[in-house]
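Architecture and fold: a report
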Amino acid sequence: FAATLWFGPSVGAVTAALDALIMSLWLMPSLKTLERVSFNVSVLVISIWAASQGFFVLADIDPRNPVYSSLAQFVVPLYLFTACAFLLNSGFVAVAISFERRQSAFKIWREQFLWLSLNYFGGASVAAVLVVYAKSMDWAVVGIIVPLLAISYLTFRTTLGRLDDANVHLRELNRLYLSTVETLAMAVDAKDQVTSGHIRRVQRYALGLANALDLHDDK
């Protein structure tokens, strides 16, 4: 946000690309595919560039030589810029995840991305203070910025913690479902050897058919 306000949409987009690349390094090795990294970078760049175009138009500020005299000059366009960037970025990612998981994009967005909006607005607020008071930076300004940064960071960590808990719960639930199916199969086996053999044969044929169709997804 600060790079965009200081230097315009193009520099903001390049900064967003670097940001996305660095974040991609934190992904698990199985997720560091060219498609995923390219998607993450592209979505963030498009979101910041498109939203910032609207900001400079609404704020009536020249993006080639932005000058900020006071917060009141651009606070409303800034929040609209922030909301637009967040909705574009989180919306694109939620839609991509919905195709992968066969779930509602809105449900995914509401449960996993909505709280991240606080992080966006916190970052935008810090950027606004920086661009207005950069030339007269003193301890008072730093005293305002540091708590905002801390709140933004803690909000982000808390959101990631919630997502990790949800994923752990989902994995545990899947394990429980599988155990239930195995238990039922054992019960059938104990009661009726013929039916049990039929179930196992169907299982082998289904797996054989999947392999013949070159399906390797664990699901």
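Scroll up for the structure.
Cut-off values and rules
Residues numbered from 1 in each chain as written. Predicted model: local features only at pLDDT ≥ 70, side-chain atom pairs only at ≥ 80, totals over all residues. Heavy atoms only, no water. Helix = DSSP H or I, 4+ residues; strand = E, 2+ residues; numbered from the N terminus. Rg over C-alpha atoms; globule rule 2.2 N^0.38 Å. Buried < 20%, exposed > 50% of the residue type's maximum accessible area, 1.4 Å probe, protein only. Contact = heavy atoms within 4.5 Å. Areas by Shrake-Rupley, 256 points an atom, 1.4 Å probe, with all protein chains shown as cover. Lys, Arg positive; Asp, Glu negative; His and termini not counted. Charge placed at Lys NZ, Arg CZ, Asp CG, Glu CD. Axes fitted to C-alpha atoms, helices over the stretch in contact; angles between N-to-C directions. Parallel < 35°, antiparallel > 145°, perpendicular 65-115°, else oblique. Left-handed = near helix turned anticlockwise from the far one by under 90°. Nonpolar A, V, L, I, M, F, W, Y, C, P; charged D, E, K, R; others polar. Expected span 1.5 Å × (residues − 1). Phe/Tyr/Trp six-rings, centres within 6.5 Å; stacked < 30°, edge-to-face > 60°. Polar contact = N/O pair within 3.5 Å; in protein donor to acceptor, adjacent residues only side chain to side chain.

Tallying secondary structure elements over the protein gives 8 helices and 0 strands in all. Secondary structure elements in the protein, listed N-terminal to C-terminal, are α-α-α-α-α-α-α-α. Relative to its length of 219 residues, the protein is extended, with a C-alpha radius of gyration of 25 Å against a globular reference of 17 Å. Principal-axis analysis of the C-alpha atoms gives the protein an extent of 85 × 35 × 25 Å. A burial count over the protein gives 30% of its 219 residues as buried. Restricting to contacts in the protein with at least 6 residues of sequence separation, those with at least 24 account for 63%. By element, 68% of the accessible surface of the protein is carried by carbon and sulfur atoms, the whole surface being about 14800 Å². Between the mean site of the 17 positive side-chain charges and the mean site of the 16 negative ones, the protein shows a separation of 4 Å.

With that settled, the discussion passes to the environment of Ser125. By the secondary structure assignment, Ser125 is in helix 6 (residues 117-133). Here Ser125 falls in the buried class, since its relative accessible area comes to 18%. The sequence separation of Ser125 and Ala20 amounts to 105 residues, and the corresponding C-alpha distance is 21 Å. In this structure Ser125 touches Tyr79 and Leu148, once residues within four positions along its chain are discounted.

Attention now goes to the packing of helix 4 (residues 75-101) against helix 5 (residues 105-112). Look at helix 4 against helix 5: their axes get within 8 Å of each other, and the N-to-C directions meet at 120°. Classified by the angle their axes make, helix 4 and helix 5 are oblique. The interaxial crossing formed by helix 4 with helix 5 has right-handed handedness. Residues Phe86, Leu87, Ser90, Gly91, Ala94, Val95, Ile97, Ser98 and Arg101 of helix 4 touch helix 5, and the partners they reach there are Ala105, Ile108, Trp109 and Gln112. Among the residues making up the contact of helix 4 with helix 5, the classes are represented as 8 nonpolar, 4 polar and 1 charged.

A few words now on helix 2 (residues 9-24). Every α-helix carries 3.6 residues per turn, so stepping three or four residues along brings you back to the same face. For helix 2, built from 16 residues, the straight-helix expectation of 22 Å at 1.5 Å per residue is met to within 8% by its first-to-last C-alpha distance of 22 Å. Each element contacted by the buried residues of helix 2 is listed here: helix 1 (2-7) and helix 3 (34-59).

One non-glycine residue, Asp60, lies in the positive phi region at around 55°. Here the phi dihedral of Asp214 falls at roughly 65°; this positive angle occurs in a residue that is not glycine. Among the secondary structure elements, Asp214 is positioned in the segment after helix 8 (193-212).

Turning next to the packing of aromatic side chains. Within the structure shown, the criterion is met by 11 aromatic pairs. Pairing Phe55 with Phe56 gives two aromatic rings, centres 5.0 Å apart and planes at 75°, and the pair type is edge-to-face. A single burial state applies to Phe55 and to Phe56, both of which are buried. Every member of this aromatic cluster is reached through a ring pair, and the members are Phe1, Phe55, Phe56, Tyr68, Phe74, Phe81, Phe86, Phe106, Trp109 and Tyr120.

All right, on to the packing of helix 2 against helix 3 then. At a minimum axis separation of 8 Å, helix 2 and helix 3 run at an interaxial angle of 155°. As judged from the angle between their axes, helix 2 and helix 3 are roughly antiparallel. Here the hand of the crossing between helix 2 and helix 3 comes out right-handed. Residue-level inspection shows Pro9, Ser10, Gly12, Ala13, Ala16, Ala17, Asp19, Ala20, Leu21, Met23 and Ser24 of helix 2 in contact with helix 3, the latter providing Val37, Asn40, Val41, Leu44, Val45, Ile48, Trp49, Ser52, Gln53 and Phe56. Residues of the contact of helix 2 with helix 3, tallied by class, amount to 14 nonpolar, 6 polar and 1 charged.

This part is about the side chain of Ser52. Locating Ser52 in the fold gives a position in helix 3. Overall, Ser52 belongs to the buried group, its relative accessible area being 0%. For Ser52, the side chain forms a polar contact with the main-chain oxygen of Ile48, separated by 2.8 Å. Aside from chain neighbours lying at most four places away, what touches Ser52 is Thr4, Pro9 and Phe81.

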